[in-house]
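In case you want the letters, here they are:
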Amino acid sequence: MAALNNILKSITQKNPHEAEYHQAVEEVFESILPVLKKNKTFVDEKLFERICEPERVISFRVCWTDDQGKVQVNKGFRVQMNSALGPYKGGLRFHPSVNQSILKFLAFEQIFKNALTGLPLGAGKGGADFDPKGKSDGEVMRFCQAWMMEAYRHIGHYTDIPAGDIGVGEREIGYLFGTYKKIQNEFQGVLTGKGTDWGGSYLRPEATGYGLIHFAHFMLTEVDDNLGNKTCLVSGAGNVSQFAMEKLLQEGAKVVAFSDSTGFVHDPEGMTEEKLSHLKTVKNGERKSISAFADKYASATFTTKGSKNIWSIPADCAFPCATQNELELADAKILRKNGLMLLAEGANMPCTPEAINYFQESKVLYGPGKASNAGGVAVSGLEMTQNRMGRYWAKIDLEKELRAIMKNIHEKCLETIDKHHLEEQDYLNAANIGAFEKVAKAMLAQGTV
Ligand code: NAP
């Protein structure tokens, strides 16, 4: 036992000042400890230590010129985390908070998420501490071109295939893709999340949000319940959040609140298709705060970011879809007191470990992001296949495929619960253990590399 605990200690010591990375590693370690205790080969072969060490971390300078002609300098990264199951795959984040710790935590989570999809996908993550907010299209384009001028030599359609994440949507993917194509003089599927006229898959924009709600649907089916008429909170107002809300409307649920980095909107009358379309215009077209949404509807109130947050609104279900550690223990307690029965994560690591423990102990159905938000990378995997075949699949077929993948992930969790005698609906430990075993076995088979 002491030797096993030393594993975690030594990983923490080897990666100092990386709080988010430690948090992600500790969660998985706690889940898989019983598996390590029973499997001497995994311990002797240092599988956990190997999984925690990125295969490669690329860090580089990104210089570009702003609209005033001034030179700007940013830090660019690509973390190539694990290629046991396939080429490195994972999004790019452009946000001022980006650093090595955040990208390593995201790349680490990606290993397990990608394993759960059942597709041949390794794991990576990247981005820059660049803030696209308030920048002109020209500035965003010049930044993307500068990022790719270095990154192109490290990625490739059979090596490493980035996608979007916070601050990287179709506009940024377009500029990145155009630059890569210009340098290589080849039209390759080197990025996913492309526009559907130039190699992108139908349903990729919707996939993470839709997949999340499919997963919640399967969690509820397991306890003979459904999303119909459930009051829901969806944090964020970006890609994942918008399509989670869209699918919730289709399932007959009532979305009463959403948020962004400026605050949250509470609308007791609930979201409608018309309101959601306006929200998309405000966020994706005008790129404004959600306060502009609330200005249009008498039933909607905007509260500026401060002492109160979205989690203070009573609801049956909550879907954090903004960013890491956005939901703390105090929020979890209020949500539970107000009657929360299900929480599924659209964002990566949105709940602190204390909040997760509280949900598990107080029997709130808890869907961990590695399982519940895997729909996005799954459809990215399908985009890679379509690019290799030189074909587009129909949206209706992709919808069926996404639902089947989310169902499969849910079933894989239930199988792991059974196999490892976990508590009923313990999706947290099931996702971590099921994915770890798969990746560990692949690494063992491929030898000490
Ligand atoms: P996005 O389109 O950039 O949207 C992010 C949203 O979260 C925005 O509304 C943003 O507000 C809000 N936000 C960001 N930081 C915040 C903070 N500190 N406090 C409050 N709100 C904040 O990004 P996304 O693609 O939806 O990603 C959201 C989350 O899902 C991330 O954790 C990401 O890693 C995860 N995820 C994404 C995908 C995918 O396919 N995109 C797949 C799996 C997981 P503003 O609009 O004011 O900036």
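Whatever comes next refers back to the structure up there.
Below is a summary of the structure that appears in this document. (Residues numbered from 1 in each chain as written. Predicted model: local features only at pLDDT ≥ 70, side-chain atom pairs only at ≥ 80, totals over all residues. Heavy atoms only, no water.)

In spatial order, the strands read β9-β8-β7-β6-β10-β11-β12; together these seven strands make up an open sheet with mixed pairing. Pairing within the sheet leaves two strands with one partner each, and these edge strands are β9 (301-304) and β12 (365-367). The sheet shows a mean angle of 15 degrees between the axes of neighbouring strands, taken without regard to direction. Relative to strand β7 (residues 254-260), strand β6 (residues 231-234) is paired through four bridges, and the arrangement is parallel. Paired with T231 across the two strands is K254, which belongs to β7. Each of β6, β7 and β10 (317-319) touches helix α9 (residues 239-250); the most contacted strand, β6, lies at about 165 degrees to it. (Pairing = 2+ DSSP bridges. Helix = DSSP H or I, 4+ residues; strand = E, 2+ residues; numbered from the N terminus. Axes fitted to C-alpha atoms, helices over the stretch in contact; angles between N-to-C directions. Contact = heavy atoms within 4.5 Å.)

This brings us to empty space enclosed by the protein. Using the criterion set out here, one finds three cavities of 30 Å³ or more in the structure. Within this model, the largest cavity holds a volume of roughly 40 Å³. Lining the largest cavity, in full, are E27, E109, E345, M349, I356, Y366, P368, G369 and K370. Split into classes, the residues belonging to the lining of the largest cavity amount to four nonpolar, one polar and four charged. (1 Å grid on protein atoms, 1.4 Å probe; cavity = no way out; pocket = protein on both sides within 12 Å on 5 of 7 lines; lining within 4 Å. Points joined across faces, edges and corners; volume = space filled by probe spheres on them. Nonpolar A, V, L, I, M, F, W, Y, C, P; charged D, E, K, R; others polar.)

Below, the discussion takes up the site of the ligand. Near the ligand, the surroundings consist of 24 residues, among which K133, D165, T208, S261 and N348 are the closest. At 2.9 Å from an oxygen atom of the ligand is found a main-chain nitrogen or oxygen belonging to A237. Contact with the protein chains covers 83% of the free accessible surface of the ligand, which is 900 Å². Elements supplying a minimum of two residues to the shell around the ligand: α8 (204-221) and α9. Along the lines of polarity and charge, the residues of the shell around the ligand split into six nonpolar, ten polar and eight charged. (Near = heavy atom within 4 Å. Polar contact = N/O pair within 3.5 Å; in protein donor to acceptor, adjacent residues only side chain to side chain. Areas by Shrake-Rupley, 256 points an atom, 1.4 Å probe, with all protein chains shown as cover.)

This next bit is on the pairing of strand β4 (residues 123-128). Here β4 lies mainly inside the structure; six of its six residues are buried. Of the strand pairs in this sheet, strand β2 (residues 71-82) and β4 are connected by six bridges, and their pairing is antiparallel. Residue pairing across strands places V79 opposite K125, the latter belonging to β4. Handedness of the crossover joining strand β3 (residues 88-94) and β4 through helix α5 (residues 100-117): right-handed. (Buried < 20%, exposed > 50% of the residue type's maximum accessible area, 1.4 Å probe, protein only. Right-handed = clockwise from strand over helix to strand, strands pointing away.)

Geometry of an aromatic ring pair is reported as the spacing of the ring centres plus the angle between the planes. In total, this model carries 18 aromatic pairs according to the counting rule given. Seen from their ring centres, Y21 and F108 are 5.9 Å apart, and the 85 degrees between their planes marks the pair as edge-to-face. With Y21 in helix α2 (residues 19-38) and F108 in helix α5, this residue pair connects regions lying 87 residues apart in the sequence. We classify Y21 as buried; its relative accessible area is 0%. Classification of F108 as buried rests on a relative accessible area of 0%. When the centroid spacing of 4.9 Å and the interplanar angle of 45 degrees are considered together, the rings of F293 and Y297 count as tilted. For the pair F293 and Y297, a shared accessibility class is recorded, and that class is buried. Through pairs of rings, three or more aromatic residues link up here, namely F29, F42, F48 and F436. (Phe/Tyr/Trp six-rings, centres within 6.5 Å; stacked < 30°, edge-to-face > 60°.)

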